[in-house]
Amino acid sequence: MPNTLSTISLKSIYVDFKAITKAGLAISVVFSSIAGFVLGEADFATFNWIVLLKLTIGGYCMVGASNAFNQVIEKDLDALMDRTKNRPIPAGRMQPNVALAIASLLTIIGIFLLYTINPKTAMFGAISIFLYTSVYTPLKTVTSLSVFVGAFPGAIPFMLGWVAATGNFGIEAGNLFLIQFFWQFPHFWAIGWFLYEDYEKAGFFMLPTGKKDKGTALQIILYTIWLIIASLLPVLGYTGQLYSTPIAAVLVFLLGVWMLFYAVRLYQLRTAKAARTLMLVSVSYITLLQLVYIFDKFLR
């Protein structure tokens, strides 16, 4: 019996740790950092696997810390929403001070690991945590501009990988930042659309017009177009070492058209189902885009 109880206890701790750090989201964010790192490396012959490991662990710690801080701050609001009421804190499985301790420890470990890569990587990681927890999170109940503010820390991971690999923040890292920055808007507005009623319970302002209307859908289309343009910039040859071939550019453009199709479809239908589909397509878009860039770099 003690062994069984111990196993159950360890499993519950593991499950709650995944929940408090939002493991699924954290892993997808870390993937963006890894993609940026691979793009920043000169070639596989000099590939630094130790730095990549530090970036992976440190990146997860930083994202996990942001998510844990967020859940401590929003614990009362999380209890009001169906999608969040079973999280560890509102469900009573974890005390806020325990979550705060986890978040603080992850922050320390994350910044330390990123600092051992280079100071700039640690600085951007720290900025990301600060903006997410101290600016974006409080603004969610005040103004829909919170999405704009949240797009800044959300866009850091892709560029963070490049900075980790090169130690420099230049036009290349800036372009990677721009891509993920514009991507945030259609992605999170789509989420805000199909979860509108749930967010409303907590008083969160997620949509640019405050409504599920044509105005919001039109802005989703416009930001998707900006995303496509930013994603195609590397083919022009003005983004330094970040360059894509015409073939890769065609693939990126087709991915953009695919996402734009579902953005337009949301404008036409304005349904929760259309918004959820766009959200899923946006996740596939950013992942496939990063893979196209990577394969293009090492196959050309």
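Residues numbered from 1 in each chain as written. Predicted model: local features only at pLDDT ≥ 70, side-chain atom pairs only at ≥ 80, totals over all residues. Heavy atoms only, no water.

(A) A look at unusual backbone geometry. Here Lys22, not a glycine, exhibits a phi torsion of approximately 50 degrees, which is positive. Tracing the backbone shows Lys22 in the loop between helix H1 (2-20) and helix H2 (23-40). Positive phi outside glycine occurs at Arg270, with the angle close to 50 degrees. Turning to its location among the elements, Arg270 is positioned in the loop between helix H11 (246-269) and helix H12 (272-299). (Helix = DSSP H or I, 4+ residues; strand = E, 2+ residues; numbered from the N terminus.)

(B) View of the side chain of Glu172. Inspection of the secondary structure assignment puts Glu172 in helix H8 (residues 171-194). Lys297 provides the closest opposite charge to the buried, salt-bridge-free Glu172, at an N-O distance of 9.8 Å. Discounting residues that sit within four places of it in the chain, Glu172 has contacts with Trp162, Thr239, Gly240, Gln241 and Leu242. (Buried < 20%, exposed > 50% of the residue type's maximum accessible area, 1.4 Å probe, protein only. Lys, Arg positive; Asp, Glu negative; His and termini not counted. Salt bridge = Lys/Arg side-chain N within 4 Å of Asp/Glu carboxyl O. Contact = heavy atoms within 4.5 Å.)

(C) Structural view of the pattern of salt bridges. Applying the stated rule across the entire model yields seven salt bridges. Between Asp82 and Lys201 there is a salt bridge; the shortest N-O distance is 3.0 Å. You can see Asp82 sitting in the loop between helix H4 (75-78) and helix H5 (96-117) and its partner Lys201 sitting in helix H9 (residues 196-202), a full 119 residues away along the chain. Connected via shared salt-bridge partners are Asp82, Lys85, Asp198 and Lys201.

(D) Fine view of the packing of helix H3 (residues 49-73) against helix H6 (residues 119-139). Packing of H3 against H6 brings their axes to within 10 Å, and their N-to-C directions diverge by 15 degrees. One way to sum up the angle between H3 and H6 is to call them roughly parallel. The two elements H3 and H6 cross, and the hand of that crossing is right-handed. Judged by residue contacts, Met62, Ala65, Ser66, Asn67, Phe69, Asn70 and Ile73 of H3 engage Gly125, Ala126, Ile129, Tyr132, Thr133 and Thr137 from H6. Grouping the amino acids of the contact of H3 with H6 by side-chain chemistry returns seven nonpolar, six polar and no charged. (Axes fitted to C-alpha atoms, helices over the stretch in contact; angles between N-to-C directions. Parallel < 35°, antiparallel > 145°, perpendicular 65-115°, else oblique. Left-handed = near helix turned anticlockwise from the far one by under 90°. Nonpolar A, V, L, I, M, F, W, Y, C, P; charged D, E, K, R; others polar.)

Interpretation note: all reported values are geometric properties and have no functional meaning in isolation.
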